[in-house]
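# Understanding the architecture of this molecule
In case you want the letters, here they are:
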Amino acid sequence: MSKQTQSASFVLKNPAGLYDPAPNGYSHLAVVAPGTQLVYIAGQGGENEAGALQPDFQLQVRQAFRNLSTALTAAGARTSDIVKLTVLVVDHTEEKLRVFGAELAQALGDGPKPTCTLIPVPRLALDGMLFEVEAVAALPAR
């Protein structure tokens, strides 16, 4: 049985025949309606407004989601408008996946989660950077 959630701009789907990804914090498909305004948000790391990075993975993930929320707000969007996340994790482990999942749930709330791809990487742009998240949001045409 297919599960889906719909907004004015997109539908998140988890079709029958694929496992239920909800416990892992994502959906399999996001179908964006014609005429929808797309907002692309560059990778947000764990830097604070001054550009400083905490050495702790969890604190960087939390700050990256704060930064993502700030960027969404600047575009007139909310976290519930996100249709796609791409996540980069330095030296990925199952423990880091658990931390990411908990912070994702905190940042995005209880509703269905967007599509998401996690990519383990050996390094990111800045020394000490451990996490980065980029997003695509879908808004009704203005």
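This text follows the structure it describes.
Remember, it's a predicted structure, so these values are computed and weren't measured experimentally. Position labels on residues start from 1 in each chain and follow its written sequence. The model is predicted, so local features are restricted to residues of pLDDT at least 70 and side-chain atom pairs to those at 80 or more, both for listing and for counting; the totals for chains, interfaces and linings are taken over all residues. Values reported for side chains reflect all heavy atoms of the structure, with hydrogen atoms and water molecules removed beforehand.

A few words now on the sheet that holds strand β4 (residues 37-45). In this analysis, strands are considered paired if DSSP registers two or more bridges between them. Helix and strand definitions follow DSSP, with helices as H or I runs of at least four residues and strands as E runs of at least two, each counted in order from the N terminus. Read across the sheet, four strands follow the order β4-β7-β5-β6 without closing on themselves; strand pairing throughout is mixed. Across the chains shown, the open sheet's two edge strands, defined by having one partner strand only, are β4 and β6 (115-121). Averaged over all pairs of adjacent strands, the angle between their axes in this sheet comes to 10°, without regard to strand direction. Pairing of strand β5 (residues 82-90) with β6, which is carried by seven bridges, proceeds in the parallel orientation. Each residue of the ladder has a partner; that of valine 90, found in β6, is valine 121. Any pair of residues with heavy atoms lying within 4.5 Å of one another is described as a contacting pair. Angular values range over 0 to 180 degrees, each being the angle between N-to-C directions of two axes fitted as lines to C-alpha atoms, with helices fitted over their stretch in contact. Here helix α1 (residues 57-74) sits on the sheet and contacts β4, β5 and β7 (131-139); the angle it forms with β7, its principal contact strand, is near 25°. Where helix α2 (residues 94-108) meets the sheet, it contacts β5, β6 and β7, and its direction lies at approximately 150° from that of β5.

On to the packing of aromatic side chains. Pairing of aromatic rings covers Phe, Tyr and Trp, the last counted by its six-membered ring, and requires centre-to-centre distances within 6.5 Å; plane angles under 30 degrees mean stacked, over 60 mean edge-to-face, and any other angle means tilted. One pass over the structure, following the stated rule, counts four aromatic pairs. Ring geometry for phenylalanine 65 versus phenylalanine 100: centroids 6.2 Å apart, planes at 20°, classification stacked. On the criterion of sequence distance, the pair formed by phenylalanine 65 in helix α1 and phenylalanine 100 in helix α2 is long-range, its members being 35 residues apart. The class of phenylalanine 65 is buried, set by a relative accessible area of 5%. Seen from their ring centres, phenylalanine 100 and phenylalanine 131 are 5.9 Å apart, and the 40° between their planes marks the pair as tilted. With phenylalanine 100 in helix α2 and phenylalanine 131 in strand β7, this pair connects stretches of sequence that are 31 residues apart. Residues phenylalanine 100 and phenylalanine 131 agree in their burial class; the two are buried. These aromatic residues form a ring-pair network of at least three members: Phe57, Phe65, Phe100 and Phe131. Exposure classes here rest on a 1.4 Å probe applied to the protein chains alone. A residue is buried below 20% of its type maximum, exposed above 50%, and partly exposed in between.

To continue, consider the environment of phenylalanine 10. Note that phenylalanine 10 resides in strand β2 (residues 10-14). According to the relative accessible area criterion, phenylalanine 10 is buried, its value standing at 4%. Placed 71 residues apart in sequence, phenylalanine 10 and aspartate 81 show a C-alpha to C-alpha distance of 8.5 Å.

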